[in-house]
Amino acid sequence: MEEVSYKTAGTCAKVIHFTRDGDVIRNIRFEGGCNGNLKAVSILCEGMTAQEIAAKLSGNTCGGKRTSCADQLAKAVLKA
């Protein structure tokens, strides 16, 4: 297993931490952002593959921003 930290861009959350076990993503944690919503995203994505997370969350926006914490998670897991 590999612990990954990803610095976000353009979101309230500043860093996303997760564990990569092969292609399976576990233990997702956000620093900053909307606490309740990001806990829910973390729980819903627990045990999914990077491709599954990216398929569901890529392109998700927040307010007038071109990205969101969920979109940044998709980018993070694909980069890892």
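Scroll up for the structure.
The written sequence of each chain sets the order in which its residues are numbered from 1. Reporting in this predicted model follows two pLDDT cut-offs: at least 70 for local features of residues, and 80 or more for side-chain atom pairs to be given and counted; totals over whole chains, interfaces and linings ignore these cut-offs and use all residues. Remark: hydrogens and water are excluded; side-chain values derive from all non-hydrogen atoms of the structure.

1. Re the nonpolar core
For step 1, the next point in the chain: Joining through side-chain atoms within 4.5 Å is the link that ties buried Ala, Val, Leu, Ile, Met, Phe, Trp, Tyr and Cys residues into a set, and such a set is a nonpolar core. Buried means the residue's accessible area, taken with a 1.4 Å probe over protein chains only, is under 20% of the maximum for its type, while exposed means over 50%, and partly exposed covers the values in between. Ranked by size, the top nonpolar core spans 22 residues in total, and within it Phe18, Ile28, Phe30, Cys45, Ile53, Leu57 and Leu73 carry the most contacts.
For step 2, the next point in the chain: Secondary structure is summarised from DSSP: a helix means a run of H or I of at least four residues, a strand means a run of E of at least two, and numbering begins at the N terminus for each. Taken together, the elements giving at least two residues each to this core come down to strand S1 (2-7), strand S2 (15-21), strand S3 (24-31), helix H1 (35-45), helix H2 (50-57) and helix H3 (69-79).
For step 3, the next point in the chain: Of the residues forming this core, the biggest block, six residues, is contributed by H3.
For step 4, the next point in the chain: Here a residue-residue contact requires only that any non-hydrogen atoms of the pair lie within 4.5 Å. If sequence neighbours within four positions are ignored, Leu73 has contacts with Ile16, Ile28, Phe30, Val41, Cys45, Ile53 and Leu57.

2. Re the pattern of salt bridges
For step 1, the next point in the chain: The salt bridge criterion pairs a side-chain nitrogen of Lys or Arg with a carboxyl oxygen of Asp or Glu, the two atoms within 4 Å. For the structure on display, the rule yields four salt bridges.
For step 2, the next point in the chain: Notably, a salt bridge pairs Arg29 with Glu3, separated by 2.6 Å at the nearest N-O pair. One end of the pair, Arg29, is in strand S3; the other, Glu3, is in strand S1, and 26 residues separate them in sequence.
For step 3, the next point in the chain: Using a relative accessible area of 37% as the deciding quantity, one classes Arg29 as partly exposed.
For step 4, the next point in the chain: The partner of Glu46 in a salt bridge is Arg26, with the nearest N and O atoms 3.9 Å apart. With a gap of 20 residues between them, Glu46 in the loop between H1 and H2 and Arg26 in strand S3 connect regions that are remote in the sequence.
For step 5, the next point in the chain: Taking relative accessible area as the criterion, Arg26 reaches 31% and is therefore assigned partly exposed.

3. Looking at the sheet that holds S2
For step 1, the next point in the chain: Overall, antiparallel pairing links the three strands, which are arranged S1-S2-S3 in an open sheet. The two strands at the open ends of the sheet, each matched to only one other strand, are S1 and S3. When strand polarity is set aside, the average angle formed by the axes of neighbouring strands in this sheet is 20°.
For step 2, the next point in the chain: Here, a strand pair is defined by DSSP locating no fewer than two bridges between the strands. Note that S1 and S2 share six bridges and pair antiparallel. Note on S2: the bridge partner recorded for Glu3 is Thr19. Structural elements are reduced to axes, namely lines fitted to C-alpha atoms, with helices fitted over the stretch in contact, and the angle between N-to-C directions of any two is expressed from 0 to 180 degrees.

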